[in-house]
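# Architecture and fold: a report
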Amino acid sequence: MTEQADEAAPRPGLRERKKARTRDAIRTAALDLFEEQGFEATTVDRICARADVAHRTFFRYYECKEALLFGWGFGRLLVEEFAAAPAELDPWAALMHAFDRYGGGAPEEPAGTTARRRELRRRCADIRSVHEFAILRIDELAQDAVAIAAARMGVDPDRDLRPGAIGALLAGLARRVVVDGVTDGPQAWVAALREVVGTSDDGS
């Protein structure tokens, strides 16, 4: 990227930068504590004290301590790209478009943080609250995908199985990443899906 392009790129405002610093401080404090004393022994109060934030501030950024083990960029960004895909694309082509767009997106967090979080999540996989949180988020992702697919197709998802099939596909991929810990990138999934379905790079 050139210096001119860097200068032309929009910079986050002061408010956005402060929010990002607060979010990062909470996340870093939580991951440190999880590593030092274990997930179950770490309370939200301890995280707030380590991050030097108020209790109510914590809950503006994270709904619970389990959320700190999950980077939701994969699911949320993918669904957003699916919804924003060109209207002329059929649902499958729109989904492939979403994968392609997501694969070129900016990372949600530093690679080192992602690695720490994934390792901690692997260690905590058998903790009931962590597992239940993962399943809840995967279900939300699937429901959003079903609604988007149904809207794109102009059908009732209670009567037409096709939107549900897309939701089930994304739920399965999310489970492999979040629950099973498979870390292949989005483009590996795209290649596998295209091979199974028999589509080319242009969706034909």
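Details of the structure are given in the entry above.
Quick look at the structure, then.

### Focus: helix α2 (residues 14-37)
What sets the pattern is the α-helix's 3.6 residues per turn: residues three or four places apart point alike. Compared with an ideal rise of 1.5 Å per residue, which puts 24 residues at 34 Å, α2 spans 34 Å between its outermost C-alpha atoms and is within 8% of the ideal. Those residues of α2 lying buried are Ile26, Arg27, Ala29, Ala30, Leu31, Leu33 and Phe34. Residues of α2 that are buried sit in contact with α3 (44-51), α4 (55-61) and α7 (111-123). Backbone geometry just downstream of α2 places Gly38 in the positive-phi region, at approximately 95°.

### A closer look at α7
Over its 13 residues, α7 extends 19 Å from the first C-alpha to the last, a length consistent with the 18 Å expected when each residue adds 1.5 Å. Restricting attention to buried positions, one finds in α7 the residues Thr113, Thr114, Arg117, Leu120 and Arg121. Mapping the buried residues of α7 onto a view down its axis gives an arc of 135°, with all of them on the same face. Exposed residues lying more than 90 degrees from the buried face of α7 are Ala111, Arg122 and Arg123. Contacts from the buried residues of α7 go to α2 and α9 (162-178).

### Here's the deal with the nonpolar core
In terms of nonpolar packing, the biggest core is built from 52 residues, with Phe34, Ile47 and Phe99 touching the most fellow members. Looking at this core element by element, the count peaks at 9 residues for helix α8 (residues 128-153). Residue contacts for Ile47: discarding those within four places in its chain leaves Ile26, Ala29, Ala30, Leu33, Phe34, Thr42, Phe58, Lys65 and Leu68.

### Focus on the pattern of salt bridges
Scanning all chains against the criterion turns up 15 salt bridges. Its salt-bridge partner being Glu109, residue Arg117 comes within 2.4 Å of it at the nearest N-O pair. Linked through salt bridges whose partners overlap, the residues forming this network are Asp24, Arg27, Glu109 and Arg117.

Quick notes on the rules
- Residues numbered from 1 in each chain as written.
- Predicted model: local features only at pLDDT ≥ 70, side-chain atom pairs only at ≥ 80, totals over all residues.
- Heavy atoms only, no water.
- Helix = DSSP H or I, 4+ residues; strand = E, 2+ residues; numbered from the N terminus.
- Expected span 1.5 Å × (residues − 1).
- Buried < 20%, exposed > 50% of the residue type's maximum accessible area, 1.4 Å probe, protein only.
- Contact = heavy atoms within 4.5 Å.
- Arc of directions from axis to C-beta.
- Core = buried A, V, L, I, M, F, W, Y, C linked by side-chain atoms within 4.5 Å.
- Salt bridge = Lys/Arg side-chain N within 4 Å of Asp/Glu carboxyl O.

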